[in-house]
Amino acid sequence: MTELSKTHTWVEGKWYEGNPPLIGPRTHSFWLGSNVFDGARSFEGVMPDLDLHCERLNRSAINLGMKPTMRMEEMVELATEGMTRFLPEEATYIRPMYWSENDGPGIIAGDPDSTRFCMCIFETPMPAKDASNSLTLSPFRRPTMENMPVNAKAGCLYPNNARASREAQGRGFDNAIMLDALGNVAELTSANVFMVKDGEVLTPFWNGTFLNGITRQRVIKLLRGAGYKVHEATLSYQDFKEADEIFSTGNYAKVVPVHKIDDRILEIGPIAAKARELYWEFAHVNVPA
């Protein structure tokens, strides 16, 4: 068993070190997947957009049929308190979560009144500044609202992304581009994706089939504010294969360039580098109170 990194979890008024047992075999979330989460980052003394992540958690809970029990401000305060248990140089992942404890009417639905909350903070390093990824096309696609709760950051969505990730890694790639049901590019298995063509930035138009990431939205605003033309558009895999640059955005790694798509080698371009620079500048100027 892999040893867990340094971890502290808050639940029902108390902090626990490590991985406390919180659910059992009768817990609705354990057997029917009624849980939502969000993730923020703490690194270099900053926690960018922590408030937005906490707000989204509450929206996710409502969209999955639960009753949020924590205000955004309470979660931000809790995360700030939790970070005092880590050293300043320790980068962490901040993960607030809700889950249904009891079965509701008809068993399949959870009981909204049994919603429980915890916040888990664990040490995990940020990727190196010079990190980059290789991509390929996944045979698996993103679901639509008709068949999965894509309007929530729900745990039940991630096994599909996980199998796409495993399949790509089995072929020697770091990550994969996933298409939506219509065959247009949606996202990577674990991040949103951008491309650059002729000096302009393009990213898939958010059509509800993939997560409209907080870091994605932030990078779009930062690039536009710096004078770049950024378009949200319907994009094909061929568009990405012919791109001048590709980079990803996501909470876990923030901004990461792509050095290879299938058998084509890409240069790490200036716009991807600028996107990362702009994000780091934003994160360190806009420090939460």
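Above this text you will find the structure in question.
Worth saying up front: this structure is predicted, and the values here are computed from it rather than measured. (Residues numbered from 1 in each chain as written. Predicted model: local features only at pLDDT ≥ 70, side-chain atom pairs only at ≥ 80, totals over all residues. Heavy atoms only, no water.)

1. Quick word on the packing of aromatic side chains
1) Next: Taken as a whole, this structure holds 9 aromatic pairs when the rule is applied.
2) Next: Here the aromatic rings of Phe37 and Tyr158 are separated by 5.4 Å at their centres, their planes lie at 55 degrees, and the arrangement is tilted. Taken together, the residues span a long stretch of sequence, with Phe37 in strand S3 (residues 35-37) and Tyr158 in helix H4 (residues 158-170) at a distance of 121 residues.
3) Next: Overall, the relative accessible area of 13% leaves Phe37 in the buried class.
4) Next: Pairing Tyr279 with Trp280 gives two aromatic rings, centres 6.1 Å apart and planes at 65 degrees, and the pair type is edge-to-face.
5) Next: A relative accessible area of 0% means that Tyr279 is categorised as buried.
6) Next: On the accessibility criterion, Trp280 (14% relative accessible area) is buried. (Phe/Tyr/Trp six-rings, centres within 6.5 Å; stacked < 30°, edge-to-face > 60°. Helix = DSSP H or I, 4+ residues; strand = E, 2+ residues; numbered from the N terminus. Buried < 20%, exposed > 50% of the residue type's maximum accessible area, 1.4 Å probe, protein only.)

2. Digging into the layout of surface pockets
1) Next: Its volume calculated, the largest pocket comes out at about 910 Å³.
2) Next: If you trace the largest pocket, you find 43 residues lining it, with Tyr158, Thr189, Ser190, Ala191 and Tyr252 closest to the centre.
3) Next: Counting residues per element, the ones that place at least two in the lining of the largest pocket are S3, strand S5 (92-100), H4, strand S9 (185-188), helix H5 (214-225), strand S13 (245-250) and strand S14 (254-261).
4) Next: Element by element, the count of residues in the lining of the largest pocket is highest for H4, at 5 residues.
5) Next: Its residues placed into classes, the lining of the largest pocket shows 19 nonpolar, 16 polar and 8 charged. (1 Å grid on protein atoms, 1.4 Å probe; cavity = no way out; pocket = protein on both sides within 12 Å on 5 of 7 lines; lining within 4 Å. Points joined across faces, edges and corners; volume = space filled by probe spheres on them. Nonpolar A, V, L, I, M, F, W, Y, C, P; charged D, E, K, R; others polar.)

3. Structural notes on the pairing of strand S6 (residues 115-123)
1) Next: Most of S6 sits out of view: 8 of its 9 residues are buried.
2) Next: In this structure, strand S1 (residues 7-11) lies alongside S6, joined through 5 bridges in antiparallel fashion. Bridge pairing in S6 places Thr9 opposite Cys120.
3) Next: The pairing of S5 with S6 spans 9 bridges and is antiparallel. Across the sheet, Arg95 pairs through a bridge with Cys120, a residue of S6. (Pairing = 2+ DSSP bridges.)

4. So, the side chain of His8
1) Next: Within the secondary structure, His8 sits in strand S1.
2) Next: In this structure His8 touches Trp15, Tyr16, Glu17, Arg85, Phe86, Met119, Cys120 and Ile121, once residues within four positions along its chain are discounted. (Contact = heavy atoms within 4.5 Å.)

In short, geometric facts, not functional conclusions.
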